[in-house]
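Chain and residue survey
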Amino acid sequence: MGLGILADGINEIIATTADPATGKPNAAPMGIICRNGRIMLRLFHGTQTERNIRESGWVVANLTYDPMVYVRSAFGDLPEDAFSEIPDGGMPMHRLTDCEAWEAFTTTIVSDTRETLVVELTPVASAILNLRPHSHNRAFAGIIEATVHATRYVVTRDPELWVLIEQAGEVVRKCGGKEHVEALEILLERCQE
Ligand SMILES: Cc1cc2nc3c(=O)[nH]c(=O)nc-3n(C[C@H](O)[C@H](O)[C@H](O)COP(=O)(O)O)c2cc1C
């Protein structure tokens, strides 16, 4: 399964891509699905990640445990210095500068329907940079959960999603450190804009 940084199931990573026309890199949380020996990504239409993958044919999965990166990249752009070029990718690919590990993939379109673009990923390079032990943290999981719901909430304004965001937010406040609570505050601001 790949070159080793992803696990069986859905991997909630930060996907980095770039617009080949401008070279501008982009980051967004994405769920890479590893099942039955295949690595897939299901992209909802309209994201920058979808556009970049269509145009460039590559994506990099980044492992980071920084909750703010999940929130900021879900709702906007990261600064330029958040990205580093991967030197030997064969094509100009970008990773997160501060990731703990990354894996680069070329992409092949498997289906393109009204709802989604599904691409299959083929690993081409990977590196473990400064992987640290992480004890399980319910607040980090809560940020991921709240951010998933929030990316949908800002589009639909579905009150059921707001309930789920509040529930995840309670866990973040109860179990989180300063960085988790700060990320939650930013997320709640984005939801209220
Ligand atoms: C943990 C997590 C996983 C996500 N997984 C996906 C996914 O697999 N496919 C997708 O299209 N959007 C997914 N999203 C939503 C995108 O991150 C969101 O639409 C984001 O705004 C896209 O940013 P972009 O326009 O810079 O690509 C996910 C969000 C989170 C928080």
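It should be noted that the structure appears before, not after, this text.
This is a predicted model, so every value here is computed, not measured.

About the criteria used
Sequence order sets the numbering: in each chain, residues are counted from 1 along the sequence as written. Per-residue local features are limited, in this predicted model, to residues with pLDDT of at least 70; the limit for side-chain atom pairs, both in listing and counting, is 80 or more; totals at the level of whole chains, interfaces and linings are taken over all residues. Side-chain descriptors were evaluated using all non-hydrogen atoms of the structure, hydrogens and water having been removed beforehand. As used in this record, nonpolar core signifies buried Ala, Val, Leu, Ile, Met, Phe, Trp, Tyr and Cys residues forming a set joined through side-chain atoms within 4.5 Å. Think of it in three bands: with a 1.4 Å probe and only protein chains considered, a residue is buried below 20% of the maximum accessible area for its type, exposed above 50%, and partly exposed in between. Secondary structure elements follow DSSP: runs of H or I of four or more residues count as helices, runs of E of two or more count as strands, with numbering from the N terminus. Contacts were defined at the residue level, with two residues in contact if any of their heavy atoms lie within 4.5 Å. The salt bridge definition used is simple: a Lys or Arg side-chain nitrogen within 4 Å of an Asp or Glu carboxyl oxygen.

1. Details of the nonpolar core
Residues Leu 6, Ile 13, Ile 32, Leu 41, Phe 105 and Leu 121 are the most contacted members of the largest nonpolar core, which totals 20 residues. When residues of this core are traced back to their parent elements, those giving at least two are β1 (9-18), β2 (25-35), β3 (38-44), β4 (58-63), β7 (101-112) and β8 (116-128). If you tally residues by element for this core, the top one is β2, at four residues. Discounting chain neighbours no more than four positions away, the residues touching Leu 121 are Ile 32, Ile 39, Leu 41, Val 59, Phe 105, Thr 106 and Thr 107. Among the nonpolar cores identified, the runner-up in size contains 19 residues, and Ile 14, Leu 78, Ala 82 and Ile 86 belong to it.

2. Considerations on the pattern of salt bridges
What the rule picks out here adds up to eight salt bridges. Its salt-bridge partner being Arg 54, residue Glu 50 comes within 3.0 Å of it at the nearest N-O pair. Of this pair, Glu 50 and Arg 54 both sit in helix α1 (residues 48-56), four residues apart, roughly one helical turn. Taking relative accessible area as the criterion, Glu 50 reaches 5% and is therefore assigned buried. Here Arg 54 ties to Asp 112 by a salt bridge, and the two come within 3.0 Å at their closest N and O atoms. With a gap of 58 residues between them, Arg 54 in helix α1 and Asp 112 in strand β7 connect regions that are remote in the sequence. Given a relative accessible area of 36%, Arg 54 falls into the partly exposed group. According to the relative accessible area criterion, Asp 112 is partly exposed, its value standing at 43%.

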